Protein chains: 4
Amino acid sequence: MSRTAIAINATLKRSGGAPSSTDRMIGLIGEALKKAGVDLTETIRLADHDIKPGVSSDEGEGDAWPAIRAKILAANILVFGTPIWMGQPSSIAKRVCERMDAFLSETDEAGRTPAYGKVVLVGIVGNEDGAHHTSAELFQALNDVGWTVAAAASSYWVGEAMNKKDFKDLPEVPKVIQQTIDMAAANAAHLATALSAANFPGQPK
Amino acid sequence: MSRTAIAINATLKRSGGAPSSTDRMIGLIGEALKKAGVDLTETIRLADHDIKPGVSSDEGEGDAWPAIRAKILAANILVFGTPIWMGQPSSIAKRVCERMDAFLSETDEAGRTPAYGKVVLVGIVGNEDGAHHTSAELFQALNDVGWTVAAAASSYWVGEAMNKKDFKDLPEVPKVIQQTIDMAAANAAHLATALSAANFPGQPK
Amino acid sequence: MSRTAIAINATLKRSGGAPSSTDRMIGLIGEALKKAGVDLTETIRLADHDIKPGVSSDEGEGDAWPAIRAKILAANILVFGTPIWMGQPSSIAKRVCERMDAFLSETDEAGRTPAYGKVVLVGIVGNEDGAHHTSAELFQALNDVGWTVAAAASSYWVGEAMNKKDFKDLPEVPKVIQQTIDMAAANAAHLATALSAANFPGQPK
Amino acid sequence: MSRTAIAINATLKRSGGAPSSTDRMIGLIGEALKKAGVDLTETIRLADHDIKPGVSSDEGEGDAWPAIRAKILAANILVFGTPIWMGQPSSIAKRVCERMDAFLSETDEAGRTPAYGKVVLVGIVGNEDGAHHTSAELFQALNDVGWTVAAAASSYWVGEAMNKKDFKDLPEVPKVIQQTIDMAAANAAHLATALSAANFPGQPK
């Protein structure tokens, strides 16, 4: 059974400028997923798209969300990449979570949201501090609307306090970071396979 | 295949006094698990036990954690019940998370912590406000050390802002709360079954 | 000495539609500030403006932030109003915090950011749950960049868990909420006066 | 006018063993306060004392909190030191916050809690990640019960992601960390002086 993953990158910067540390992290997660038998088909740079503010699945003319939403829901695994700003996920990461709030009113006859049976991985980078809290906020918001979180689902890198080092400039990926990424990807792949074979049954009668 | 659940109640109060709102929530989760085919075998009132501060699995003489730890790890599902204080999980909930930090150095040959293959449900009650954040902190801390979080794993109740109403005194459980609990339990039972049949394979070679 | 306040409303909705619960909260804070001798001069509906993503004070053509930034920094007190979505501040609230990150590189000769000597009040509303965490995130992000937080600086309202009631539809403001607002405003006014008279001296020689 | 500070250290370890990184941070804050004209009179190692769980100011026989509470409230500035565990403040830090929840019912005739007019500084250390979130939780909990937070009130150090380096073992304190500490202390001293001269007036009539 073939399973796929899609990635979103919630950096504040559009494509075309300097490379993004978040992209490097997503790239590593993609390679790890490949080793686990899952294709990461695309990385969507959210800042390139006009995702309107709101909590519905379609905020009308010019809203880029419906197309992105469809791509996300076509995959088995979502790789949610975000930079850290002020110790927190980016405003673009938050916007995407808000748009997924609509899932709560898009349940099927068994009460299951569109995210049921799907697995999320988070990939987080910052110059310093904030990865655990960023995981916490994403796990809670995404789990609320139906995503499942396999064991050890957070891959992250941050530098020493108040430093300016960028993940994209590290000459090599620290071994412990690579191991964490490999494990996260293997766990997500395993769970996505199980849930593809048998989704949650939904609301008990 | 028989799966079991165990509950911990992180209320600040020892047994023997007034009933605990957290216990009421745990009781409802237990009934919902029963409907999903899982036995909740015991609820451990943490405040009755002397769980020493620390981040190892055994903090020495008089430490109640090793016995509680063994019971938790003997079950497939952990129901983690906590009251909210100041918008946050209780200090006793935090203590238990800290003690589980030791899991990170108790991995098997495949790099799996003792929580791999196990599923967590959170049950949260407060007079007012704080349930989402409490979920966020618990999900992040517990997922870090290996617990899996099935879709919509948080069951909670809080009253209106700055009110004093207790969940234990509600004449009946609101329908939407009951549905949330039933769904959370069904999801956890489903995932625990899948992971019992096939645990995460662990660190890729 | 005359002190002024300005408010920002981080609702996801533009002006012109239904009234905003966040506006009602800001209105109450404005009245309370008036009683404390401070004029709330304007409420800026952030969703009406094109605040570009980024962490500088001017993200170039079409960026609405420089003008809003100037207005905010012309006042002694910032009333930061936000709705709660998914237990967290809105993505628009987050965007504004990110833009203030630039303050850290806009220090004067004594190392003081533009927010030194200024006081922040938060006004938070939601259908249910999330006010404490929203305060926590705003306090941390804003304090990091130089805002001072007077005692009891959070005014909020949320309804019972999983309810749909809106603050704007309450027939009257609960007495305890009104008292909290009055106290928060009095505290902020007092501190803004003290800091207007004598700002922080800045980096020790 | 003489102002004083007191420190609490929420490390999980009792005195007498290895030195505590949190103590090193508190020591640096103490020196910085000294430069700002404030005496740090004592550091209370909380783990040495039996602070009972609860949310009242006196939990009965054997409870160490009443004496610690009195010392804290005798000072103008509280230096709240905590290690980070799992990206969050320690369970002992949380316990102390819970005990301060009682302040809300210990208001004077003007509705002011015992923390009104007092200023808090946080000092946070960890091997890696979690400082911003720890600040956020402490600021929110402490501000709720009446503490004032001067500009830039968080002093912290954490190492690179998933590293084991301890702050106490750094051969020297990084310059940017020292500057942050000096500024935080100067800000707190300034505000404590202002609030000593004129406390918040309290609930408007």
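Cut-offs and rules
Residues numbered from 1 in each chain as written. Chains lettered and ligands numbered in written order. Predicted model: local features only at pLDDT ≥ 70, side-chain atom pairs only at ≥ 80, totals over all residues. Helix = DSSP H or I, 4+ residues; strand = E, 2+ residues; numbered from the N terminus. Rg over C-alpha atoms; globule rule 2.2 N^0.38 Å. Buried ≥ 20, exposed ≤ 12 C-beta atoms within 10 Å, placed from the backbone. Contact = placed C-beta atoms within 7 Å. Pairing = 2+ DSSP bridges. Least-squares fit on C-alpha atoms with pLDDT ≥ 70 in both. Axes fitted to C-alpha atoms, helices over the stretch in contact; angles between N-to-C directions. Parallel < 35°, antiparallel > 145°, perpendicular 65-115°, else oblique. Left-handed = near helix turned anticlockwise from the far one by under 90°. Nonpolar A, V, L, I, M, F, W, Y, C, P; charged D, E, K, R; others polar. Right-handed = clockwise from strand over helix to strand, strands pointing away.

## Overview of the overall build of chain A
In terms of helices and strands, chain A carries 5 helices and 6 strands. In sequence order, the secondary structure elements of chain A are arranged as β-α-β-α-β-β-α-β-α-β-α. Over its C-alpha atoms chain A spans a radius of gyration of 16 Å, differing by no more than 12% from the 17 Å that the globule rule assigns to 205 residues. For chain A, the proportion of its 205 residues judged to be buried stands at 62%. A sequence separation of at least 24 residues applies to 83% of the contacts in chain A between residues at least 6 apart.

## Overview of the pairing of strand β6 (residues 154-159) of chain C
Moving residue by residue along a regular strand, the side chains alternate between the two faces of the sheet. Residue and element names in this part refer to chain C. Within β6, 6 of the 6 residues are buried, leaving the element largely enclosed by the surrounding structure. On β6, burial covers both faces: S154, Y156 and V158 on one face and S155, W157 and G159 on the other are all buried. When strand β5 (residues 119-128) meets β6, the two strands line up parallel, connected through 6 bridges. Considered in β6, the bridge of G126 is made with V158.

## Points about the relation of the copies chain B and chain D
With an RMSD of 0.0 Å, the fit of chain B onto chain D corresponds to turning through 180° and sliding 0.0 Å along the axis. The symmetry that links the two subunits is that of a two-fold axis. Residue S91 of chain B, judged by its C-alpha, is the member of chain B lying nearest the rotation axis, at 2.4 Å. Counting the interface residues of chain B, we find that 100% of their copies in chain D are interface residues as well, pointing to one common contact surface.

## Here we look at the interface of chain B and chain D
Taken together, the contact pairs 20 residues of chain B with 20 residues of chain D. Elements that contribute at least two residues to the side of chain B that touches chain D include exactly α3 (91-100) and α4 (131-144) of chain B. Per-element tally for the side of chain B that touches chain D: the top contributor is α3 of chain B, with 6 residues.

## What to know about the packing of helix α1 (residues 21-35) of chain A against helix α5 (residues 175-197) of chain A
Helix-helix packing is described using two parameters, namely the angle between the two axes and the distance between the axes. All names here are of chain A. For the pair α1 and α5, interaxial distance at closest approach is 8 Å and the crossing angle is 50°. By the criterion of interaxial angle, the relationship of α1 to α5 is oblique. With respect to the hand of their crossing, α1 and α5 are arranged in right-handed fashion. In this structure, α1 contributes L28, I29, A32, L33 and K35 to the contact, and α5 contributes I181, D182, A185 and A189. In the contact of α1 with α5, the residues fall into 7 nonpolar, no polar and 2 charged.

## Quick look at the interface of chain A and chain B
Contacts between the two partners involve 34 residues from chain A, matched on the other side by 34 residues from chain B. For the side of chain A that touches chain B, the secondary structure elements donating two or more residues are α4 (131-144) and α5 of chain A. The biggest single contributor to the side of chain A that touches chain B is α4 of chain A, with 8 residues.

## Some remarks on the relation of the copies chain A and chain B
Placing chain A over chain B gives an RMSD of 0.0 Å and needs a rotation angle of 180°, together with 0.0 Å of translation along the axis. Most of the interface of chain A is mirrored in chain B: 100% of its interface residues are interface residues there too.

## Describing the pairing of strand β1 (residues 3-9) of chain C
Residues and elements named next belong to chain C. Within β1, 5 of the 7 residues are buried, which leaves it mostly tucked inside the rest of the structure. Once you follow β1 into helix α1 (residues 21-35) and on to strand β2 (residues 38-45), the crossover reads as right-handed. As paired strands, β1 and strand β3 (residues 77-85) are joined by 5 bridges and run parallel to one another. Counted as the bridge partner of N9 is G81 from β3.

## Section: the environment of A67 of chain B
Residue and element names in this part refer to chain B. Examined against the element boundaries, A67 turns out to sit in helix α2 (residues 65-74). For A67, a count of 11 C-beta atoms within 10 Å gives the class exposed. Put simply, A67 and S57 are 10 residues apart on the chain and 10.0 Å apart in space, counted from C-alpha to C-alpha.

## Observations concerning helix α3 (residues 91-100) of chain D
α3 of chain D sits mainly inside the fold: 10 of its 10 residues count as buried. All of the buried residues along α3 of chain D are S91, I92, A93, K94, R95, V96, C97, E98, R99 and M100 of chain D.

## Describing the packing of α4 of chain A against α4 of chain B
It is at 8 Å that the axes of α4 of chain A and α4 of chain B come closest, and there the two elements cross at 115°. Of the possible angle classes, the one that applies to α4 of chain A and α4 of chain B is roughly perpendicular. Judged by the twist between their axes, the crossing of α4 of chain A over α4 of chain B is right-handed. Residues H132, S135, A136, E137, F139, Q140 and N143 of chain A of α4 of chain A lie in contact with α4 of chain B, whose contacting residues are H132, S135, A136, E137, F139, Q140 and N143 of chain B. Each residue belonging to the contact of α4 of chain A with α4 of chain B can be placed in one class, and the counts come to 4 nonpolar, 8 polar and 2 charged.

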